[in-house]
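# Secondary and tertiary structure notes
Spelled out, the chains give:
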Amino acid sequence: MAAGRPRPSYLDGLNPEQRQAVEALDGAVLVLAGAGTGKTRVLTTRIAHILASGRAFPSQILAVTFTNKAAREMKERISAMVGEAVEGMPWLGTFHAIGTKILRRHAELVGLKPNFTILDTDDQIRLIKQILSAENLDDKRWPARTLAGMIDGWKNRGLTPDQVPAGEGAVFAGGRGVALYAAFQDRLKTLNATDFGDLLLEPIRLFRLNPDVLADYQRRFRFLLVDEYQDTNVAQYLWLRLLALGGKNICCVGDDDQSIYGWRGAEVDNILRFDHDFPGATVIRLERNYRSTGHILAAASHLIAHNEGRLGKTLFTDDEPGEKPTVTSTWDSEEEARAVGEEIESLQRRGHKLDDTAILVRASFQMREFEERFITLGLPYRVIGGPRFYERAEIRDALAYFRCVVQPADDLAFERIVNVPKRGLGEASIKQMHDHARAAGIPLMQAARDIVETDALKPKARTSLRELLQCFERWRGDLDGKPHTELAEIILDESGYTGMWQQERTAEATGRLENLKELVRSMEDYANLPAFLEHVSLVMESDRSDGVDAVSIMTLHSAKGLEFETVFLPGWEEGLFPHQRALDESGRAGLEEERRLAYVGLTRARRRAKIYFSANRRIHGLWSSTIPSRFVDELPEDHVEVEESKGKPGWGGGMVSRFDRADPFASSNYGTPGWQRAKAGGGQGGGFAEGGAGALERGRFGGSSRGAFGHASGGKVIEGELIAKSTGGSSFSRGDRVFHVKFGYGEIIALDGNKLTVQFDKAGEKKVVDSFVEKV
DNA sequence: GGCATTTGGCTTTTT
DNA sequence: GCCAAATGCC
């Protein structure tokens, strides 16, 4: 791999923009890589190029990703290009893994010991619960989850307790939010633990408090590379920015149109502001798409063009136009699943592989209907995502045992397993230990040791606690003596943990025992127990794909980065997609993120994209009539095919059946908000009028005066902003009784255009748009 | 302390 | 309507 050669082979096959992105090594570079434009290829080739050209040693390159999967993939691809040199790339990993590495090296500087534990979300919440109950706060009124969410939010924004804006902490527990955050941080330090947020926040604090340490890393990292830059949160941005100070060579790759994690703290602004943050930055656009056919790309591009806050790219392809994406309406979600099932079977008959097929849903509750249908059909499928291996109770219990052996001060782990299996050590016994531990300022396990020597506990409890403690002593003594996998088995056995599941003799218990075996097996790859635990807190995946040809079912979020020959996109209905909550909570920004999600969904398809919406869907148990998603309207007419529903009657005509029976306001299909607005005629009424009227016209599928996807008059409407543009059309008046799908029954107490103030019987006073309620 | 019943919530998810 | 968690009872 001589540097002198005119054109190293790894540059072969790159298009001019990709090549520019690979070769522009100096200064700040932003690569705006549209969907399917070869983003990962550019990133990995760029690293190969840095190495091959001798600009830096592997250890001088910092390359960060979000997921372990992405990091692994990058490692593999780089080593394929440059050989084993990657072995020496110690700084390629997730933000959290690299943060941990830095933090362990300098733990003392931020009040931790190098062997600190990393708490996952579950531990974090249990700890917060303890703090809340110690403060005598009613956990009904002030749930630990809520505070955990707030703390995560602050950490995502890089805020330590003293930096939280005054007003923000005030909303929790009567102004005690920030104090509780501070208390939580204190507890973490006492436990020698961090949560995920700290893995970013603490390095920032470390760097700020110790400029010499920072300078050291700034010197070390000659090149910085960041994957999925649109997903970075403020803390990650600050972290990067500190490291990049002094005119570093930083290269961020991302796509603002695929930013779908705003709700967990990602700041699209980071990418939108890049050239402001790094003056003189080179911006390179990758717009040549190698994935999808022309029609799919056109549909996706046209859809995403409805977003305002974007940098703008124009994707193009040399591929044939191919099949137009289809839009199919169904009567209800059951028929939708049936239609998708039939289509897949038909594709299968024509020789398509199920592996090349995916169903991408907005919310996971949608999956069940497809699963049920596929079971009936005998169609193999796999659900991607869902509960992760290490989140399963048995795995967490086993890990807690191991943690107690390795880290006697790990109170959370000890508390988790002290009475699992049942040892007669209930709440009362645990309280004893807690009180003593707190009073003496010692870890729980040590407190337990003291208590065993007194007669504070009943003889029975005392004996079993003593036995447990003796076990831990013994296991700890074997840490160096026995191979760690063997020790792990001994621990699970002698503690009675495996015995507990064996006794249950249910299919579920068998599965759990399998998982435990799998856990022990996976330990073989690590040198010892501590090394394994270190790894497991950050990584640990369950995707054991079994090699069977099967349809993939997953959420749109987990589909990002994947691609399939055929993609089914069901549930394109207002309220579900875009999701009502995204609109309510984040208004326009929420809508744009939902639209990006739709864009991500469409661009997963190589040759076929099939969109569905159904007229009725069960939401929280209630059958509700629904309206096609505005995203359907935003697809370009010329690039989309409208299909008749496979099932019998489409919309207008005498539909009957289940809906009528299950519907609380029976026989009133024609009285639903959609119909009322349709009757009122087009743009009136604001709210969903546009979608509603259009939908019904399309519903008959006779084609309408506006064309299949003609845009109705009136501007875009975003719920949550409660646009009052309607005049006259409203048929409501004060005192009317109304029904709302979410809030139930209530009485109108005030009107303002199409905005109603309703006193709901159960939900209290709310402001709603009239199109959401119906007269009763 | 363990089991049965009631309650509440219900978008997306990584580390 | 369904599920997990929390409460209440024995």
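Every residue gets a number counted from 1 within its own chain, in the order that chain's sequence is written. Chain letters and ligand numbers both follow the written order, the letters beginning at A and the numbers at 1. For a predicted model such as this one, the threshold for reporting local features is a pLDDT of at least 70, and the threshold for listing and counting side-chain atom pairs is 80 or more; totals across whole chains, interfaces and linings nevertheless cover every residue. Excluded from the side-chain calculations are hydrogens and water; all other atoms, namely the structure's heavy atoms, are used.

- Under an unreviewed UniProt entry, the name given to chain A is DNA 3'-5' helicase, and the organism recorded is Blastochloris viridis.
- Heading Sequence similarities (unreviewed entry) of the UniProt record for chain A holds this comment: "Belongs to the helicase family. UvrD subfamily." UniProt positions are given in the numbering used here, feature names are shortened, and annotations may be inferred rather than shown by experiment.

### Digging into the overall build of chain A
- Only DSSP runs of H or I with at least four residues qualify as helices, and only runs of E with at least two residues qualify as strands; both kinds are numbered from the N terminus onward. Broken down by element type, chain A carries 31 helices and 21 strands.
- Surface accessibility follows the Shrake-Rupley procedure with a 1.4 Å probe radius. Residue values consider only the protein chains on display as shielding. In the structure as shown, chain A presents an accessible area of about 33,200 Å², 50% of it carried by carbon and sulfur atoms.

### Focus: the protein's contact with DNA strand C
- In this text, near means that some heavy atom of the residue lies within 4 Å of the molecule or strand in question. The environment of DNA strand C is made up of Lys-129, Arg-368, Arg-618, His-620 and Gly-621.
- A share of 64% of the atoms of DNA strand C within 4 Å of the protein falls on sugar and phosphate groups.
- Pairs of N or O atoms are called polar contacts if they sit within 3.5 Å, as long as, within protein, a hydrogen donor faces a hydrogen acceptor (for residues adjacent in sequence, only side-chain-to-side-chain pairs). Lys-129 places a side-chain nitrogen or oxygen 3.2 Å from a phosphate oxygen of DNA strand C.
- Polarity classes work like this: nonpolar for Ala, Val, Leu, Ile, Met, Phe, Trp, Tyr, Cys and Pro, charged for Asp, Glu, Lys and Arg, and polar for all others, with Gly in that last group. Across the surface near DNA strand C, the residue classes tally to no nonpolar, two polar and three charged.

### Here's the deal with the protein's contact with DNA strand B
- Taken together, 29 residues lie around DNA strand B, and Arg-362, Ser-364, Arg-388, Gly-426 and Arg-581 are the ones closest in.
- Protein-proximal atoms of DNA strand B, defined as those within 4 Å of the protein, fall in sugar or phosphate at a share of 57%.
- Backbone polar atom of Asn-68 to a phosphate oxygen of DNA strand B: 2.8 Å apart, as the coordinates give it.
- Side-chain polar atom of Thr-121 to a base oxygen of DNA strand B: 3.3 Å apart, as the coordinates give it.
- Split into classes, the residues belonging to the surface near DNA strand B amount to nine nonpolar, 13 polar and seven charged.

### A short note on the side chain of Ser-495
- The topology assignment puts Ser-495 in the loop between helix 22 (484-494) and helix 23 (497-504).
- For Ser-495, the side chain forms a polar contact with the main-chain oxygen of Ile-491, separated by 2.7 Å.
- One polar contact links the side chain of Ser-495 to the main-chain carbonyl oxygen of Leu-492, over a distance of 3.2 Å.
- Sequence-distant contacts of Ser-495, defined by excluding residues within four places in its chain, comprise Tyr-401, Pro-421, Arg-423, Trp-475 and Ile-490. Contact between two residues is taken to exist if any of their heavy atoms lie within 4.5 Å; hydrogens are not considered.

### A few points about the nonpolar core
- Phe-402, Phe-414, Met-433, Leu-465, Phe-472 and Trp-475 are the most contacted members of the largest nonpolar core, which totals 50 residues.
- Here this core takes eight residues from helix 17 (residues 393-406), the largest share from any one element.
- If near-sequence neighbours (up to four positions away) are discounted, Met-433 is found in contact with Phe-414, Val-418, Leu-444, Ala-447, Ala-448, Ile-451 and Leu-465.
- Definition of nonpolar core: a set of buried residues of the types Ala, Val, Leu, Ile, Met, Phe, Trp, Tyr and Cys, connected through side-chain atoms within 4.5 Å. Accessible area is worked out with a 1.4 Å probe on protein chains only. A residue is then buried under 20% of its type maximum, exposed over 50%, and partly exposed in between. With 43 residues, the next largest nonpolar core counts Leu-32, Ala-235, Ile-250 and Val-539 among its residues.

### A word on helix 1 (residues 16-23)
- Turning to helix 1, its buried residues number three or more, namely Gln-18, Ala-21 and Val-22. Relative to the axis of helix 1, the buried residues are bounded by an arc of 100° and lie together on one face.
- Where the residues of helix 1 are buried, they touch strand 1 (28-33), helix 2 (39-52) and strand 8 (282-286). The directions from the helix axis to the C-beta atoms are what the arc is built from.

### Focus: the pairing of strand 7 (residues 249-254)
- In terms of burial, strand 7 is a largely internal element, six of the six residues being buried.
- Both faces of strand 7 are covered, namely the face carrying Asn-249, Cys-251 and Val-253 and the face carrying Ile-250, Cys-252 and Gly-254.
- Should DSSP find at least two bridges between two strands, the strands are taken to pair. Summarising the sheet, strand 1 and strand 7 pair through five bridges and their orientation is parallel. What sits directly across from Leu-30, in strand 7, is Cys-252.
- Pairing between strand 6 (residues 223-226) and strand 7: four bridges, direction parallel. Each bridged residue has a counterpart across the sheet, and for Leu-224 the counterpart in strand 7 is Ile-250.

### Quick notes on the domain arrangement of chain A
- Under the domain assignment, chain A is made up of domain 1 (10-107 + 201-288), domain 2 (117-191), domain 3 (326-388 + 543-643), domain 4 (391-525) and domain 5 (736-775).
- Centre-to-centre separation of domain 1 and domain 3, based on C-alpha positions: 32 Å.
- Across the contact, 15 residues belong to domain 1 and 10 residues belong to domain 3.
- Regarding the contact of domain 1 and domain 3, the summed buried area is about 1,100 Å², with carbon and sulfur atoms giving 53% of it.
- Once two parts are brought into contact, the accessible area they lose, counted with a 1.4 Å probe and summed over both, makes up the buried area. When the buried area of domain 1 at its contact with domain 3 is split by residue, Asp-257, Gln-258 and Ile-260 rank highest and sum to 47% of it.
- A pairing counts as a salt bridge when a side-chain nitrogen of Lys or Arg comes within 4 Å of a carboxyl oxygen of Asp or Glu. In this assembly, domain 1 and domain 3 are joined by two salt bridges.
- The shortest N-O distance in the salt bridge between Asp-231 and Lys-560 comes to 2.6 Å. Domain boundaries shown here were taken from an automatic or database domain assignment.

### Section: the environment of Asp-332
- Position of Asp-332 relative to the elements: it lies in strand 9 (residues 326-332).
- In this structure Asp-332 comes out as buried when scored by relative accessible area, which is 7%.
- As for Asp-332 and Phe-613, which are separated by 281 residues in sequence, their C-alpha atoms are 8.4 Å apart.

### Observations regarding the pattern of salt bridges
- Scanning all chains against the criterion turns up 55 salt bridges.
- Ionic pairing is found between Arg-607 and Asp-319, a salt bridge with its closest N-O pair at 3.6 Å. You can see Arg-607 sitting in strand 14 (residues 605-619) and its partner Asp-319 sitting in the loop between helix 14 (294-304) and strand 9, a full 288 residues away along the chain.
- Under the relative-accessibility criterion, Asp-319 is labelled partly exposed at 30%.
- By sharing partners, the salt bridges in this structure join Asp-120, Asp-122, Asp-123, Arg-126, Arg-396, Asp-397, Arg-403, Asp-410 and Arg-416 into a single network.

### Re helix 21 (residues 459-477)
- Working rule for helices: expected span equals 1.5 Å times residues minus one. The terminal C-alpha atoms of helix 21 lie 27 Å apart, and with 19 residues this matches the ideal 27 Å at 1.5 Å per residue to within 8%.
- For helix 21, every residue scored as buried is listed here: Ala-461, Ser-464, Leu-465, Leu-468, Leu-469, Cys-471, Phe-472, Trp-475 and Arg-476. Down the axis of helix 21, the buried side of the element spans an arc of 150°, and every buried residue falls inside it. Turned more than 90 degrees away from the buried face of helix 21 sit Pro-459 and Gly-477, all of them exposed.

### Examining the sheet that holds strand 7
- Sheet architecture is open: six strands sit in the order 3-2-6-7-1-8, paired in parallel fashion. Two strands close off the open sheet at either side, each with one partner strand: strand 3 (92-94) and strand 8. Averaged over neighbouring strand pairs, the angle between their axes works out to 15° when direction is ignored.
- As defined by bridge partners, strand 1 adjoins strand 8 across five bridges and the pair is classed as parallel. Within strand 8, the position partnered with Val-29 by the bridge is Thr-282.
- Contacting strand 1 and strand 8, helix 1 runs over the sheet at an angle of about 145° to strand 8.
- Working convention: axes come from line fits to C-alpha atoms, limited for helices to the stretch in contact. Angles between N-to-C directions cover 0 to 180 degrees. This element, helix 2, spans strand 1, strand 2 (61-65), strand 6, strand 7 and strand 8 of the sheet and lies at about 170° to strand 6.

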